[in-house]
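Working through the structure, step by step
Here is what each chain is made of, one letter per residue.
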Amino acid sequence: MEHSFKLAIQYAANAESAAFPTRSQFRRWVKLALEQEAEIVIRIVEKSEGRALNHDYRGKNYATNVLTFVYDDTDPLSGDIVLCAEVIENEARQQHKALMAHYAHLTVHGLLHLQGYDHVSDDEATIMEKKEIHILTRLGFEDPYIASCEALTLG
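Residues numbered from 1 in each chain as written. Predicted model: local features only at pLDDT ≥ 70, side-chain atom pairs only at ≥ 80, totals over all residues. Heavy atoms only, no water.

Observations regarding the overall build of the chain
Note the following rule: Numbering of helices and strands runs from the N terminus; a helix is a DSSP stretch of H or I covering at least four residues, while a strand is a stretch of E covering at least two. Our radius of gyration is a C-alpha quantity, and the globule rule it is checked against amounts to 2.2 Å times the number of residues to the power 0.38. For every residue, the accessible area (1.4 Å probe, protein chains only) is compared with the maximum for its type, and the residue is labelled buried under 20%, exposed over 50%, or partly exposed between those bounds. A contact between two residues is defined here by any heavy atoms of the two lying within 4.5 Å. For the charge count, each Lys or Arg is scored as positive and each Asp or Glu as negative, with His and the chain ends excluded. By convention, the point assigned to a charge is CZ for Arg, NZ for Lys, CD for Glu and CG for Asp.
Along the backbone of the chain there are five helices and four strands. The N-to-C order of helical and strand elements in the chain reads β-α-β-α-β-β-α-α-α. What you see for the chain is a C-alpha radius of gyration of 15 Å, in line with the 15 Å of a compact globule of 155 residues. C-alpha extents for the chain along the principal axes are approximately 40 × 35 × 35 Å. For the chain, buried positions account for 45% of its 155 residues. Sequence separation of at least 24 residues holds for 59% of the intrachain contacts in the chain that already meet a minimum separation of 6. For the chain, the separation between the mean place of its 15 positive charges and that of its 24 negative charges on side chains is 4 Å.

Next up, the structure:
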């Protein structure tokens, strides 16, 4: 069952070294990962903004690949997903993954967090990873948890 959603994309990082997903790619990924109606902002940021957000909200002084901010007690579900471009590009290169496959994975990961999924315990992590793999496979991407030296096909 498809769920309606509102999606805003904010490109707050420079695309000097690599391309960013398009609005239609993000919409496709969101559409498959949502289990309820939602209003979502996806923001692609520079490392400095990613570090500041991670520091201010999680007490960690480094930029991370994805941060999810859920606005509690809203109907429909509402939240922001922040993707750090430089971290994602570096991880994709180090893990020998296609950049768009990695963006898709982290977008889906953030969307699952938005909907209450977590990976604090091993059991929670198993459930969340299986869900991610299922969604990404339906999008045409390979299992992101299998280390591969081959570039993945863009979705």
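So, the packing of aromatic side chains
Any two aromatic rings considered together are summarised by their centre-to-centre distance and by the angle between their planes. Defined as follows: Stacked, edge-to-face and tilted are the three classes for Phe, Tyr and Trp ring pairs, Trp counted by its six-membered ring, which pair at centre distances within 6.5 Å; planes under 30 degrees apart are stacked, over 60 edge-to-face, the rest tilted.
One pass over the full model with this rule turns up four aromatic pairs. Between Tyr11 and Phe20, the aromatic rings sit 6.0 Å apart at their centres with planes inclined by 20 degrees, giving stacked as the arrangement. Taken together, a centroid distance of 6.4 Å and an interplanar angle of 70 degrees make the contact between Trp29 and Phe141 edge-to-face. Of this pair, Trp29 sits in helix 1 (residues 23–33) while Phe141 sits in the segment after helix 5 (122–138), placing them 112 residues apart in sequence. Taking the relative accessible area as the measure of exposure, Trp29 reaches 0% and is therefore buried. Note on Phe141: relative accessible area 5%, which makes it buried. The structure contains a cluster of three or more aromatic residues connected by ring pairs, namely Phe26, Trp29 and Phe141.

Considerations on helix 5
Test applied: Expected span of a helix, by definition, is 1.5 Å for each gap between consecutive residues, and there is one gap fewer than residues. When we speak of the arc, we mean the arc of directions from the helix axis to the C-beta atoms.
Taking 1.5 Å per residue as the helical rise, helix 5 with its 17 residues ought to reach 24 Å, and the 24 Å between its terminal C-alpha atoms agrees with that figure. Taken together, the buried positions of helix 5 are Ala125, Met128, Glu132, Ile135 and Leu136. Seen end-on, helix 5 carries its buried residues on one side only, within an arc spanning 100 degrees. Facing away from the buried side of helix 5, by more than 90 degrees, are the exposed residues Asp122, Asp123, Ile127, Lys130 and Arg138. Where the residues of helix 5 are buried, they touch helix 1 and helix 4 (99–114). Taken from the residues just after helix 5, Gly140 is the one with a positive phi, measuring 95 degrees.

Description of the pairing of strand 4 (residues 77–84)
In plain terms, the rule: Here the rule is simple: two strands pair whenever DSSP picks up at least two bridges between them.
The buried fraction of strand 4 amounts to eight of the eight residues, a majority that puts the element mostly inside the structure. Burial along strand 4 is two-sided: the residues Leu77, Gly79, Ile81 and Leu83 and Ser78, Asp80, Val82 and Cys84 are all buried. One ladder, built from eight bridges, connects strand 2 (residues 38–45) with strand 4; its direction is parallel. Looking across to strand 4, one finds that Val41 is bridged to Asp80.

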